[in-house]
Amino acid sequence: MALLEQDHQNTADNQTLGHIHARLLEFQDTALEEIQHLGKYATSRVYGEGDRPGSVLANLIHPSREKNVIQAVQAVDGSELRDPELIVARFREYYQSLYASRFTPDREGLLDYLTHITMPQLTDADRETLMALLTLEEMDGVLGGMADGKAPMG
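Residues numbered from 1 in each chain as written. Predicted model: local features only at pLDDT ≥ 70, side-chain atom pairs only at ≥ 80, totals over all residues. Heavy atoms only, no water.

Scanning the chain from N- to C-terminus turns up seven helices and two strands. Put simply, the chain runs from its N terminus to its C terminus through helices and strands in the order α-α-α-β-β-α-α-α-α. Counting over 154 residues, the chain shows a buried share of 6%. Restricting the contact set of the chain to residue pairs at least 6 apart, pairs at least 24 apart contribute 0%. Counting every atom, the chain has about 14,400 Å² of accessible surface; 58% of that belongs to carbon and sulfur. (Helix = DSSP H or I, 4+ residues; strand = E, 2+ residues; numbered from the N terminus. Buried < 20%, exposed > 50% of the residue type's maximum accessible area, 1.4 Å probe, protein only. Contact = heavy atoms within 4.5 Å. Areas by Shrake-Rupley, 256 points an atom, 1.4 Å probe, with all protein chains shown as cover.)

Glancing now at the packing of aromatic side chains. Per the stated rule, a full pass over the model turns up three aromatic pairs. Where Y95 meets Y99, the ring centres are 6.3 Å apart and the plane angle is 10 degrees; that geometry is what we call stacked. A residue pair is termed a helical-turn pair when its members lie 3 or 4 positions apart in one helix, as Y95 and Y99 do in helix α4 (residues 84-99) at four residues. (Phe/Tyr/Trp six-rings, centres within 6.5 Å; stacked < 30°, edge-to-face > 60°.)

What is shown is where atoms sit, not what they do.
Right under this line is the structure:
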């Protein structure tokens, strides 16, 4: 571009001016295509990955996710662990001990508890009612009261 402009200043002919204008238009077209490409790329990066529009601003405000990384933890002996592998191992140890079963059943205590517990008992009348067969009237009443297109328990 600069060479064409210098040629035009030296010769000042219309042919050089035409070349300058042609090159300028080519440059503008190329620049416009590049801007459109970058816009599409940015849009696909933001929206194509499922981010919400607000995420762009949030990522600009908080660009570094490194502050969310745990830098150190305390070991069982009180020392500080900074190695990522040791940090992961310490977390694993902690949660394994947290969720480990510490209950050791005492058979005699359990039998003593079960023999002395008072459980509610059904009366003979309640037991007969629960064991009786369903009648057609009962089934018709329940199924007839359901909304159309609904299944029992649904």
